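Spelled out, the chains give:
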Amino acid sequence: MVNEILDNQEEIQLEEENEVDESEGVTETDDQLAVDSPSFIGSFFKLILSLAVVIGLIVLISKFLRKKNGFLKKHQVIENYGGITVGSNKSIQTIKIGERFYVIGVADNIELLMEITDPNTIEQLMKQEETSDSLDKLKAKLTKQPVESTKSSNQNFTSLFNKELNTMKEGRKKVYQKLKESSRKNDDSSH
């Protein structure tokens, strides 16, 4: 029995020594197998490349959607050409229905203010639609081109819109004067 205990102790010591040797061997092999971590420049390059791929995908998808929407846009009956806010929940919008352009007032209700019949105004509205493409704006920003084209299109719309509002004011003044004259004639003829 004593011999068995001594034999068991020797076996336990041998096993412990083997475990220690194995664990030391593992650490030595771990040091030899350790992989260098990626360099900062390599990681940065991968990041930039991934970003370029994502931006490229966004551009491709936007071109696809633009073509798809452009195809559908040709068949739309009503198109909004822009507008201006004139108060809280009140705006004036320029719309195209078929081949005709209208100025409408949008508030609690929608009213037709006037039809645009001036060929120069219609031509300017058509040009504005062509230049207001959002992808072109994105391209201009990415290539660091000045945003003057955007500003000029906004100024063109504003000047065009103001011109139409002035034309509308003059038309209303004429109608008002005609009403005054007709009411005077009616007053004179009744006396």
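This is a predicted model, so every value here is computed, not measured.

Criteria and cut-off values
- Residues numbered from 1 in each chain as written.
- Predicted model: local features only at pLDDT ≥ 70, side-chain atom pairs only at ≥ 80, totals over all residues.
- Heavy atoms only, no water.
- Patch = residues over 30% accessible without salt bridge, like charges linked within 9 Å, V, L, I, M, F, W, Y side chains within 5 Å.
- Areas by Shrake-Rupley, 256 points an atom, 1.4 Å probe, with all protein chains shown as cover.
- Salt bridge = Lys/Arg side-chain N within 4 Å of Asp/Glu carboxyl O.
- Helix = DSSP H or I, 4+ residues; strand = E, 2+ residues; numbered from the N terminus.
- Buried < 20%, exposed > 50% of the residue type's maximum accessible area, 1.4 Å probe, protein only.
- Pairing = 2+ DSSP bridges.
- Contact = heavy atoms within 4.5 Å.

**Student:** It is not clear to me how a nonpolar patch on the surface should be interpreted in this structure. Could you clarify?
**Tutor:** On the surface, a cluster of nonpolar side chains totalling about 830 Å² of accessible area is made up of F45, L49, V53, L57, L60, I61, F64 and L65. With respect to the helices and strands, the residue L57 is situated in helix α2 (residues 40-73). Here L57 falls in the partly exposed class, since its relative accessible area comes to 47%.

**Student:** Is there a simple way to think about the pairing of strand β2 (residues 90-97) in this case?
**Tutor:** Among the eight residues that make up β2, six are buried, leaving the element largely enclosed by the rest of the structure. Sheet topology note: the strand β1 (residues 78-87)/β2 ladder contains eight bridges and is antiparallel. Its bridge partner being in β2, E79 is matched across the sheet by K96. Between β1 and β2, which follow one another and run antiparallel, lie two residues, and N89 among them has a positive phi close to 60 degrees. Note that β2 and strand β3 (residues 100-106) share seven bridges and pair antiparallel. Across the sheet, the residue bridging to Q93 is I104, located in β3. Here β2 folds back onto β3, and the loop between the two strands holds two residues, one of which, G98, carries a positive phi near 65 degrees.

**Student:** Would you explain the environment of L113 in this entry?
**Tutor:** Locating L113 in the fold gives a position in strand β4 (residues 110-116). On the basis of relative accessible area, L113 is assigned to the partly exposed category, the value being 23%. Separated by 55 residues in the primary sequence, L113 and M168 have C-alpha atoms spaced 8.1 Å apart. Those residues in contact with L113, other than ones at most four positions away along the chain, are I92, V103, I104, G105, M168 and R172.

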